[in-house]
Amino acid sequence: MIKRELYKKTIRRRLAQLTGLLSVWGLLVGGRLLHVQVAQHEQWRAQADRQQRRMIRVTAVRGTIYDRAERELAKSVEAPSIFAVPVEIEDVERAARELARILRLDPVALRERLSERREFVWVKRKVTPEEATAVKALGLTGIHFVTENKRAYPNGELAAHVLGYAGIDEVGLEGIEFAYDREIRGEESTVFVYRDARGRTYERTQRPVARGHDLLLTLDATIQFHVERELREAVRRTRAHSGVAIVLDPKTGEILALANVPTFDPNAFAKAPEEARRNRAIRDLYEPGSVFKIVTFAAALEEGLLRPNEVIECLGGRIVLAGHTIRDHRPFFRLTAREVLEQSSNVGTIQIALRVGAERLAQYIERFGFGRRTGVELPGEARGIVRPMRRWTPVSVGAIAIGQEIGVTALQMAAAMAAIANEGVWVQPHLVRAVRSRDGTVVKRAQPERRRILSPASARALAQMLEGVVERGTGQLAQLSGYSAAGKTGTAQQFDPRTRRYSRTRYVASFAGFAPVADPRVVVLVALDRPRPKYTGGEVAAPVFKRIAEVALHALNVPPDRQEGRPLLAMRTNFASEGTEGEIGLGIAEEGKDEALRFSSLPPAQRDLPGRDLARAVASAGRTKEALPLVRVPDFRGQGIRAVTEQCARIGLRLIVSGSGRAVRQEPAAGTLVVRGTTCRVQFQ
Amino acid sequence: MLRAQPYRRTSRRASRELAIGWGEAERAPSREMVRIGDKVLFPLAIALALLGIVMVYSASAVLAAERYGTQYHFLARQAIWATLALAVMLVAMRVDYHFYQHPRIVALLLVGTLLLLGAVFFSPAVNGAHRWIRWGALSFQPSELARFALIVFLAAHLDRRIPAGIKRFELTFLPCALVAGAMVVLILFEPDLGMALSLGLVLLVMFFIVGVPFRHQVVLGVGALPVLAWLITHVNWRWERILAYFDPWQDPRGSGFQAIQSLIALGSGGGTGVGFAQGKQKLFFLPEPHTDFIFAHIGEELGLVGTGLVVLAFGIFLWRGMRIAWHAPDTFGMLLGSGIVVTIVMQALSHMSVAVGLFPVKGTPLPLISYGGSSLVITMAEIGVLLNIAQQARSDDV
């Protein structure tokens, strides 16, 4: 008994030892817990995230691009994208078949993708709402949706070359979209899709996306629309290969319109050939020909080497420079300096250039900004080709003086002309007025470079001489109704790289000018590539200048400075922007009544005449031959796409279609009178 | 045969109530402890069981919904088992622990256990192992009972050999090793190496407590190690688990998967956890989040706060349990009590050690918390026995 009681002590000792042992074990576990849960927490957290959730990058909402009147030119709209989690799909065969049918995909390739042992594959990105609804209705397991954003250009081709386009990942690839990509592009957003160990998704979170900045362009959509229409019409009429037109505000350097033909629809840029997408106005070089004579004249005037009424010896229309003969288009003998410009005499101009000398001519070429990028906010602008003076041949000073042996961009030429219109101050042409954040604060405002390159007196003298070109010279077809205008024609033979000679059949016909002369509000440059059979700038480009300058001046509400006594049929269209119906204001300038152009409506009885009769009524009321063809927009509702397309083609309306099915909405409304060529937007459902 | 054992009781009253043990209620309890035995252990056990129910639910809801169509499948069963376990514990508290010392009771317990262990081979296999006997919607794991039976047998047998017989190989070591060996072999055939190992460990611990000569235990070790080595190396997945223990990243999607997932659960939980029911690892990353990896699951959802509290709770359990064994009125009580405490604490530590990567992966439930009826009922019964020992502590010792 005693022994047994004593034995308790032995047992208790052992119990104490055992307790100690187990406590040490417990402390080890505790230590490991601290290590794993506290010290290594971040590492395991990351490890857990890697296996528990999947990140899908979703493109951000790009900022909107507006024209100067805040009309939307490019904006991002929500577009559903469809992805699959292949392990969740029950019947891959059926899923692939159904999806391929609805989304118009290749069923074999789709089945292959859906069979991959992956947790995420795109089925199709940025589908239409109708497609998404149809896919949802299938109720397939393992097929999921995320909302992405898609770039939309609501006006189709309008200002395509300026805007450029953005690709599937909402990254700007061309034009302003590319140049301002950093500002426009918002932050990429991430959708977290939580998944279990078997790869099935059960939850998702999407962080709200930050939007990119908005852009306010200098473009005026109304002017742009008319410029594009006139240019397209001109290219068609003159059977030119391509054409460029630029409208600048000479005082601010703002580009009001910039158009190229051929053009493309940025909504479907991938389908357009490079030929159509290239922004020729800034990328292509051409020899400006006679338009470039303004540089020679500016140099001579500024240097005090020439008075406008001074007589220049024109040598009967030919001059020999270092063995090369340069001719005029017809023989001239003695012309005043003014007449040299008006008649575009090469010989007279070369005589003046010889006074100026190679050195000073080179200086002025540089001052006018040739051979150097203007710095307009577009990618891929060409520098131009201006050979340094040490590489000039003895004939160069003459050739360059008349716009040969030199490569310029249309924009450089337009900016040079603008400097003369702006009393000798060269202003950097630009497209972006302001970058604005979503809350409306202006992040960046345009600060164009300005340089005085001529004295105001020389600039004004030259402007007056250029007015003579339009009044009496080669540019008479550029005369405007109601406005004075100045400008210079150019007809340049193209250098044929194959024959290494100037071609006799390939010309660039151009006209650059401004109006009104006393207080220029617009500078317009028109250049047509390879027009035929007429090919001179005066015949081909000057009339286009006239049409463009007139609509631009009207759009800007510039009061006329000429009382030609010629009644003017004026039309004012409000560019049809999103949500508002297109409106047509129609009126006639009343003869000699007032300084300002006044619009008065037709008598009510005549307003509802059918299109052609109405145009005739307006024409007769205004006693003018120039009636713009008007058409009445038909009622498209309930018709199919094909029928609507055919009707539009027949009556000359451009059409932008959205959706599919039957027409449910249209803009402008049925019955509205519009100018032929106006764009109709019809929504189908 | 049934020789009276003169010093096995501390009070006459207790001796009168041998094998009946229902008399306490009539007695005026001198203090609270008389009824619940230990004022800390009793609420602690209940608190852990309640935590278990809650965590089993959060761990198993998704699993249950997928497997059985209702998220409450495991919750409901665990709650029923817990109620049953509580009742069993309350009964065990009232049964004088000397009841288990009676040779006939010991024999009955051993024979019953061995029969049940044999019977599992006639019930259908679950996951390739015969561990359960199904009875309607409920299933029972006889190996859990086997451990209790072994503790009772060892406590009774070793107590009888005190003091002189302990050192005699044929009287002490041999019979104990044979009984334990029989159970271990049967359990190995289920197969359930983890449980077999823990039974072996019970034997070693009890030998250690009563001071069986070290050389005898060496014999046991020398005999067992080659068998263990053979068992591990000849069953592919066991060997892989051992390899994975040393380098889980060797095969993170295969053999190392469970170890890594457990660490991810604990580690991502961090200090305060991802929140109750917010855990992601239970979505089929953690294998058996409601049983074998419930500690990792607690670590994920409740963080270090949760795991720390659980570790602390078992620490307190060890302290109070050992205190009861220390103050037990007789050596049988000391052996029985300490056997129970050490078994439960070791099992808990093994479970946690697997979770934190100290041990290779083996399926050990966390006592009182993990899902599993048999484990819960037996553990609560054992705690009931422990509390009965506490009730009988000699007042001069307390």
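Higher on the page you've got the structure.
The written sequence of each chain sets the order in which its residues are numbered from 1. Lettering of chains starts at A and numbering of ligands starts at 1, both following the order in which they are written. Where totals are concerned, whole chains, interfaces and linings use all residues; where local detail is concerned, this predicted model gives features only for residues with pLDDT of at least 70, and gives and counts side-chain atom pairs only at 80 or more. No hydrogens and no water enter the side-chain calculation; it runs on all heavy atoms of the structure.

The subject of this paragraph is the overall build of chain A. Starting at the N terminus, helices and strands are each numbered in turn, a helix being any DSSP run of H or I of at least four residues and a strand any DSSP run of E of at least two. When its secondary structure is counted, chain A shows 21 helices and 30 strands. In chain A, which comprises 685 residues, the share counted as buried stands at 55%. The protein chains shown are the only cover counted for residues, whose accessible areas, like all others here, come from Shrake-Rupley with a 1.4 Å probe. Carbon and sulfur atoms form 50% of the exposed surface of chain A, whose accessible area is close to 30,600 Å². For each residue, the accessible area found with a 1.4 Å probe, counting protein chains only, is set against the maximum for its type, and the residue is called buried under 20%, exposed over 50%, and partly exposed in between.

Helix and strand counts for chain B stand at 14 helices and two strands. A total of 398 residues make up chain B; the buried ones form 55% of that total. Here chain B displays about 16,400 Å² of accessible surface, and carbon together with sulfur accounts for 67% of that area.

Our focus in this paragraph is the pairing of strand E19 (residues 442–445) of chain A. All names here are of chain A. Only strands that DSSP links by at least two bridges are regarded as paired with each other. Sheet analysis places strand E18 (residues 432–436) next to E19, joined by three bridges and oriented antiparallel. Bridge pairing in E19 places Val435 opposite Lys444. Counting the residues that bridge the hairpin from E18 to E19 gives five residues, and of these Gly440 lies at a positive phi of roughly 95°.

Right, let's get into the side chain of B:Ser370. As for its placement among the helices and strands, B:Ser370 is situated in the loop between helix H13 (331–356) and helix H14 (373–391). In what follows, a contact means two residues having at least one pair of non-hydrogen atoms within 4.5 Å. Discounting residues that sit within four places of it in the chain, B:Ser370 has contacts with B:Val56, B:Gln78, B:His290, B:Thr291, B:Ile294, B:His351 and B:Pro365.

All names here are of chain A. Of the positions making up helix H5 (residues 129–138), those classed as buried are Glu131, Ala132 and Val135. The arc that holds every buried residue of H5, seen down its axis, measures 100°, which confines them to one face. In this structure, H5 carries Pro129, Thr133, Lys136 and Ala137 as exposed residues pointing more than 90 degrees from its buried face. Considering only its buried residues, H5 is in contact with strand E3 (72–84), helix H3 (92–103), strand E4 (121–124) and strand E5 (143–152). Read the arc as the range of directions from the helix axis to the C-beta atoms.

Okay, the environment of A:Ile402 next. Residues and elements named next belong to chain A. Positionally, Ile402 belongs in the loop between helix H15 (396–401) and helix H16 (410–421). C-alpha of Ile402 to C-alpha of Pro288: the two residues are 114 residues apart in sequence and 8.4 Å apart in space. For Ile402, the residues in contact, after removing those within four places along its chain, are Gly289, Ser290, Lys293, Ile326, Asn346, Thr349 and Ile350.

Attention now moves to the pattern of salt bridges. Residues and elements named next belong to chain A. The salt bridge criterion pairs a side-chain nitrogen of Lys or Arg with a carboxyl oxygen of Asp or Glu, the two atoms within 4 Å. The full count for this structure, using the stated rule, is 48 salt bridges over all chains. Linking Arg229 and Glu230 is a salt bridge whose minimum nitrogen-to-oxygen distance equals 4.0 Å. Glu230 shares its class with Arg229; the two are buried. In this structure, Arg451 and Glu449 form a salt bridge, with 2.9 Å as the shortest nitrogen-oxygen distance. Given a relative accessible area of 37%, Glu449 falls into the partly exposed group. Linked through salt bridges whose partners overlap, the residues forming this network are Arg62, Arg151, Glu177, Asp181 and Arg185.

Next up on the list: a nonpolar patch on the surface. Residue and element names in this part refer to chain B. A grouping of Phe214, Val218 and Val222 is seen on the molecular surface, where their side chains present a nonpolar patch of about 320 Å² in accessible area. Along the chain, the position of Phe214 falls in helix H9 (residues 214–233). Since its relative accessible area comes to 66%, Phe214 is described here as exposed. Residues forming no salt bridge and having over 30% relative accessible area are the ones grouped into patches, like charges within 9 Å of each other and nonpolar side chains (Val, Leu, Ile, Met, Phe, Trp, Tyr) within 5 Å.

With that settled, the discussion passes to the interface of chain B and chain A. The interface of chain B with chain A comprises 61 residues on the first partner and 40 residues on the second. The quantity reported as buried area is the accessible area (1.4 Å probe) lost by two parts once they are put together, taken as the sum for both. At the boundary of chain B with chain A, total buried surface from both sides reaches about 4,500 Å², with 70% on carbon and sulfur atoms. Counting across the chain B and chain A interface gives zero salt bridges. Here a polar contact is recorded for every N or O atom pair within 3.5 Å, except that within protein the pair must consist of a potential hydrogen donor and a potential acceptor, and residues adjacent in sequence are included only if both atoms are side-chain atoms. Linking chain B to chain A there are 14 residue pairs in polar contact (both at pLDDT 80 or more). Contributing elements (two or more residues each) for the side of chain B that touches chain A: helix H6 (142–161), helix H8 (193–210), helix H11 (257–269), helix H12 (294–326) and H13 of chain B. Residue contributions to the side of chain B that touches chain A peak at twelve residues, all from H13(B).

In this scheme Phe, Tyr and Trp rings, the latter by its six-membered ring, pair at centre separations within 6.5 Å, and the angle between planes marks the pair as stacked below 30 degrees, edge-to-face above 60, and tilted otherwise. For the structure shown, the criterion picks out 16 aromatic pairs over all chains. On the numbers, 5.7 Å between centres and 80° between planes, the contact of B:Tyr68 with B:Phe74 is edge-to-face. Arranged with centres 5.5 Å apart and planes meeting at 40°, the rings of B:Phe173 and B:Phe207 form a pair that is tilted. Taken together, the residues span a long stretch of sequence, with B:Phe173 in helix H7 (residues 169–188) and B:Phe207 in helix H8 at a distance of 34 residues. In this pair, the class of B:Phe173 matches that of B:Phe207, namely buried. Taken together, A:Tyr165, A:Phe264 and A:Phe269 form an aromatic cluster joined through their ring pairs. The criterion is that NZ of a Lys, or CZ of an Arg, lies within 6 Å of the ring centre and within 35 degrees of the ring normal, and then a charge sits over that ring. The ring of B:Phe208 carries the charged tip of A:Arg14 above its face, separated from the ring centre by 4.9 Å. A:Lys136 extends its terminal NZ or CZ atom over the ring of A:Phe145, reaching a point 4.8 Å from the ring centre.

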